[in-house]
Amino acid sequence: MHTLLKLLLEKNIISSEKASQIIAYENQKPVSIFWELRSLLYLGISCLSGGLGILIYQNIDSIGHSVLIAFIAIFCLVCFWYSYKNRMPFTWEEVLNTSFLSEYSLLGACVLFLVLEGYLQYQYNFFGERYGLATFIPAVLFFGVSYFFDHRGILSMAITAAGSWLGLSIAPKSLFKTFDIINNDFIYTGIAFGVLLVLIGWLSEWKDKKKHFAFTYYFFGANVAFISILTALFSFDWKFIHLLLLLTISAVAILHARQTKSYLLLLMGIIYGYIGFTYYTFSNFNFDQYLFFSFFYFMISCGAVVYFLFNVKSILGISKSKNV
Amino acid sequence: MKAYNETWVENLAYKSSLNEWLKKGLISQAELEKCNEEVRQDFYDPNWFIKIGLFLFTGIAISFSSGIFLALLGVGSDNITMGVFLVIFSVLAVIVLEHLIKRNKLYRSGIDNALLYSAIGFLFTGILSFFNFDFVDYLYPLLFLVILIPAIIRYADPLVSFGAFMSFFFFIFLFSNTYSWGKTLLSFIMMALSAAVYFISKAQKKFIYYDDAQFVIETLALAVFYLSGNYYVVREANALLNNQSPSVEIPFSLIFWIFTFLVPFVYLYLGARKKQRNAIIMGLLGIGFSVFTYRSYYSVMPIEWALTLGGAILIGVSVFCIKYFKSPKFNLSSEAEEQGKLQKLETILVAQAFQAKTSDDTFKFGGGDAGGAGADGKY
């Protein structure tokens, strides 16, 4: 630090007054423990809800279901009310400096809403056989809430709920754990849903309406679409058609980087596209007999991908300016 | 000595503090531009997602290109031939690495990381296969350490320094176990050595080039120091080494109890005083582990009450701290340094923790495990 200041002083770029100001700033600068405290809070919430869950489970006979349901409902409403009272005025931009307490009470309210709904169904068969309704209601509610209060966490809850409504289990862990998450009947629904999500993300970026939500849409949408289509490629006939579809989506994802200079979709497009392409190649050519060719295939194809990624900016014609 | 252009590495560090000063209004935009002229660097610096992709695909390419030769050799070949080939691969990887760093101005770009790690891996397995994979157990980490140290000096890679630190302490652990006095004094040896590593590293702050590597080593030293004085670790390790099950009370237990509860608070205090964020984090984690340690031997209350009360206390403390440190006190502040970067990740994690379940299993859960993040059977 001081070497830098010395250098700048020597070159007469900053005055010695400024340098001493900077030194004073560096000396009094506090350490930010923002993330540490936030993690503690999450941990506390997890412990508390887990502990309370067990306690209630053990004592359900003496508490009674209706009392419990009333209690959850009241608590849920209180949480909603608190965040509503402390809300920031609505805007299509990102709302900065929200009070963290109202943020968490909003999150709590939404979680409690899910608990309440599940409880009602479990105990009183509230929704009967209309299971769809039970996931449709939270999806709609959460989408509304996330836009109204500008809360990205609730947006991802809304997306997972909407996925559940369609019969897809798209929470991140199950997404990555296995390719079997999607029942065969839902594969095309999954592709459509994923593409739709990506489109919404793209629209929100393009029209500048809640631009910062785009990342969440992209993350879920691209993963769902790619995994669904890979599953289709692995388990259905018409492999060539599915491969073409996959490569088309990959190409769109790669070209998207050119427009937005954000590389999440590009990376996903390359990885998923590579998996699909490799699978297709190996399922059509009998590499067992030509072991060396398979080694050369990986060598050359990976080399090509590295070359592409390394020169991605000049290949796609992206200007030098950086954008994370 | 150093593979990457050292001035550029330094300028990279300077640049981030210049940007910070600009944000705080300490220097003007015009001044920043003049400063940037002075602290020029020209590393290839792509987006994070690109780096991940580069690392992944370089890694696959390397393993298959070496695989070709190993397949040519055939499975039945003797260890010496295989060792020779592996060492040759290692040398080749280093040559390519050096060449690319020079020509393409790489700096932790994924490509150079993958090449470096595979060069180390090839050399390590190559040397092992010269000796037919037949070593006394403590020589494995020692050999690994001997390979890693030159790599740290030249490339200053954080992950390599992580490996070096771990293999050093693994070596000490295994080596002490060959002597009976070593077994008895193990925890004191580990504490002394981790403290020594920490203070030596702290005293050597001449080069910005090694900042990240040193940060990793210091953080790990803090962790090892705490853990090797922790009652639970000492008692269970002692039982494991002497084949006792269940574990029995250890000698000097009072000393270890004191360490268990004192060290985290010392970390917190010193972390705040010296503005060491890693010490603060280690202190917090240490307090958590100390509570766990106490509960493992003295059951104060049933688990559900412990979770409920502990959770309530945690929520209370963190809410209080977030409010209390809003305006900085004791060098600490609860305001975010920069918003946005980690928050994206947080939203994804939220969806994992609090998900709406699919129609198939929504109605199977009872009151007990309804949706709560921590309630899925871990406790």
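Calculation rules
Residues numbered from 1 in each chain as written. Chains lettered and ligands numbered in written order. Predicted model: local features only at pLDDT ≥ 70, side-chain atom pairs only at ≥ 80, totals over all residues. Helix = DSSP H or I, 4+ residues; strand = E, 2+ residues; numbered from the N terminus. Buried ≥ 20, exposed ≤ 12 C-beta atoms within 10 Å, placed from the backbone. Contact = placed C-beta atoms within 7 Å. Core = buried A, V, L, I, M, F, W, Y, C linked by C-beta atoms within 7 Å. Domains from an automatic or database assignment. Expected span 1.5 Å × (residues − 1). Arc of directions from axis to C-beta. pLDDT = per-residue confidence, 0-100. Axes fitted to C-alpha atoms, helices over the stretch in contact; angles between N-to-C directions. Parallel < 35°, antiparallel > 145°, perpendicular 65-115°, else oblique. Left-handed = near helix turned anticlockwise from the far one by under 90°. Nonpolar A, V, L, I, M, F, W, Y, C, P; charged D, E, K, R; others polar.

S.K.: Help me understand the overall build of chain A, please; the structure alone is not making it clear to me.
M.R.: When its secondary structure is counted, chain A shows 15 helices and one strand. Residues classed as buried in chain A amount to 39% of the 324 residues present. Here the contacts in chain A between residues at least 6 apart in sequence split such that 56% fall between residues at least 24 apart.

S.K.: I keep staring at the overall build of chain B and nothing clicks. Help me out?
M.R.: Secondary structure summary: chain B contains 14 helices and one strand in total. Within chain B, buried positions represent 35% of all 379 residues. For chain B, the share of sequence-separated contacts (at least 6 apart) that also reach a separation of at least 24 residues comes to 62%.

S.K.: Please clarify how the environment of Trp 81 of chain A should be interpreted in this entry.
M.R.: Residue and element names in this part refer to chain A. Here Trp 81 lies in helix 5 (residues 65–85). We classify Trp 81 as exposed; it has 12 C-beta atoms within 10 Å. Sequence separation between Trp 81 and Tyr 217 is 136 residues; the distance between their C-alpha atoms is 27 Å.

S.K.: Would you mind going over the nonpolar core with me for this structure?
M.R.: Where a protein is soluble and globular, its nonpolar side chains tend to be buried together. Ranked by internal contacts, the top residues of the largest apolar core, which has 145 residues, are Cys 110, Ile 154, Ala 158, Tyr 218, Ala 222 and Val 306 of chain A together with Ala 119 of chain B. In terms of residue count, the dominant contributor to this core is helix 11 (residues 214–235) of chain A (14 residues). Domain assignment of the residues forming this core places at least three in each of domain 1 (64–141) and domain 2 (166–324) of chain A. The contact partners of Ile 154 of chain A, leaving out residues within four places of it in the chain, are Leu 106, Leu 107, Cys 110, Phe 142, Val 145 and Ser 146 of chain A.

S.K.: I tried to follow helix 12 (residues 239–260) of chain A on my own but got confused; where do I start?
M.R.: Each α-helix turn comprises 3.6 residues. Residues three or four places apart therefore point the same way. Residues and elements named next belong to chain A. In this model helix 12 runs 32 Å from its N-terminal to its C-terminal C-alpha over 22 residues, within 8% of the 32 Å that 1.5 Å per residue would give. What helix 12 keeps buried is the set His 242, Leu 243, Leu 246, Ile 249, Ser 250, Ala 253, Ile 254, His 256 and Ala 257. Projected down its long axis, helix 12 carries its buried residues within an arc of 145°, all on one side. Exposed residues lying more than 90 degrees from the buried face of helix 12 are Phe 240, Ile 241, Leu 244, Thr 248, Ala 251 and Gln 259. Structurally, helix 12 contributes buried residues whose contacts are with helix 11, helix 13 (264–284) and helix 15 (312–316).

S.K.: Any chance you could explain helix 13 of chain A here in plain terms?
M.R.: End to end, helix 13 of chain A covers 30 Å across 21 residues, agreeing with the expected 30 Å (1.5 Å per residue, within 8%). Leu 264, Leu 265, Leu 266, Leu 267, Met 268, Gly 269, Ile 270, Tyr 272, Gly 273 and Gly 276 of chain A are the residues of helix 13 of chain A that are buried. Those residues of helix 13 of chain A that are buried are in contact with helix 11, helix 12 and helix 14 (291–310) of chain A together with helix 3 (48–73) of chain B.

S.K.: Would you take a moment to explain the environment of Ala 196 of chain B for this structure?
M.R.: All names here are of chain B. By secondary structure assignment, the location of Ala 196 is in helix 8 (residues 180–203). The exposed category is assigned to Ala 196, around which 11 C-beta atoms lie within 10 Å. Between the alpha carbons of Ala 196 and Ser 63 there is a distance of 38 Å; along the sequence they are 133 residues apart.

S.K.: Please clarify how the confidence of the model for chain A should be interpreted in this entry.
M.R.: Detailed conclusions should not be drawn from predicted coordinates in areas where pLDDT is low. Within chain A, residue pLDDT values average 78, and 88% of them lie at 70 or more. Taken element by element, the predicted model of chain A shows its lowest mean pLDDT in helix 9 (residues 172–177) of chain A (52) and its highest in helix 13 of chain A (87).

S.K.: Explanation requested: the environment of Ala 203 of chain B in the structure shown.
M.R.: All names here are of chain B. If you trace the backbone, Ala 203 turns up in helix 8. Since 8 C-beta atoms lie within 10 Å of it, Ala 203 is described here as exposed. In the structure, Ala 203 is positioned 123 residues away from Lys 326 in sequence and 33 Å away in space, judged by C-alpha atoms.

S.K.: Sorry if this is basic, but what is going on with the packing of helix 5 of chain A against helix 6 (residues 100–124) of chain A here?
M.R.: Each pair of packed helices gets described by two things: the angle between the helix axes and the distance between those axes. All names here are of chain A. Interaxial distance between helix 5 and helix 6 falls to 8 Å at its minimum, and their mutual angle equals 155°. Accordingly, the angle class assigned to the pair helix 5 and helix 6 is roughly antiparallel. In this structure, helix 5 meets helix 6 at a crossing whose hand is left-handed. Between helix 5 and helix 6, the residues in contact are His 65, Ile 69, Ile 72, Ala 73, Phe 75, Cys 76, Cys 79, Phe 80, Tyr 82 and Ser 83 and Ser 102, Ser 105, Leu 106, Gly 108, Ala 109, Leu 112, Phe 113, Val 115, Leu 116, Tyr 119, Leu 120 and Gln 123, respectively. Class assignment of the residues belonging to the contact of helix 5 with helix 6 gives a composition of 16 nonpolar, six polar and no charged.

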